[in-house]
Amino acid sequence: MEREKYAIPIINKLFEWAKEQRVLPKTDIGVAITYFLHHEKGLREYLKNGELLIDNNPIENKIRPLAIGRKNYMFAGNEQGASQIAMFYSFFATAKMNDVEPYK
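Residues numbered from 1 in each chain as written. Predicted model: local features only at pLDDT ≥ 70, side-chain atom pairs only at ≥ 80, totals over all residues. Heavy atoms only, no water.

### Looking at the packing of aromatic side chains
Part 1: In the structure shown here, the tally under the stated rule is three aromatic pairs.
Part 2: With centroids separated by 5.2 Å and ring planes inclined at 75°, the aromatic side chains of Phe91 and Phe92 adopt a geometry described as edge-to-face.
Part 3: Assessed through its relative accessible area of 42%, Phe91 is described here as partly exposed.
Part 4: Consider the rings of Phe92 and Tyr103, whose centres lie 5.4 Å apart with planes at 35°: the pair is tilted. Linking Phe92 in helix 5 (residues 79–97) with Tyr103 in the segment after helix 5, this pair joins segments that are 11 residues apart in sequence.
Part 5: The class of Phe92 is partly exposed, set by a relative accessible area of 30%.
Part 6: Residue Tyr103 is classed as exposed on the basis of its relative accessible area, which comes to 67%. (Phe/Tyr/Trp six-rings, centres within 6.5 Å; stacked < 30°, edge-to-face > 60°. Buried < 20%, exposed > 50% of the residue type's maximum accessible area, 1.4 Å probe, protein only. Helix = DSSP H or I, 4+ residues; strand = E, 2+ residues; numbered from the N terminus.)

### Side note on helix 3 (residues 40–48)
Part 1: Those residues of helix 3 not exposed but buried are Glu40, Leu43, Tyr46 and Leu47. Down the axis of helix 3, the smallest arc covering the buried residues is 125°, so these residues share one side. Helix 3 presents Lys41 and Lys48 as exposed residues on the side facing more than 90 degrees away from its buried surface. (Arc of directions from axis to C-beta.)

Bear in mind that shape data such as this cannot, by itself, settle questions of function.
Below is the structure:
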């Protein structure tokens, strides 16, 4: 597997380097190294399992319209307006999930 062949030796050296660093934990580099070291188990699992993705961008992109809609509800004017906006978002999201063209 490509990850095992190329990435694991690099990651091993990087973790070795990070563990040797003596920096103040509240500095930017200290926070970054601590974050990196706390995610070692997950990163190593990603390297072993070729089916895992390095990030969750596909899911983030799917839920982004819902998150934006949630922010827009605050500006609906009143409860009835917010309810109607939520209904439209639900309608369009359901149509999209079922490969239905909602404007037809």
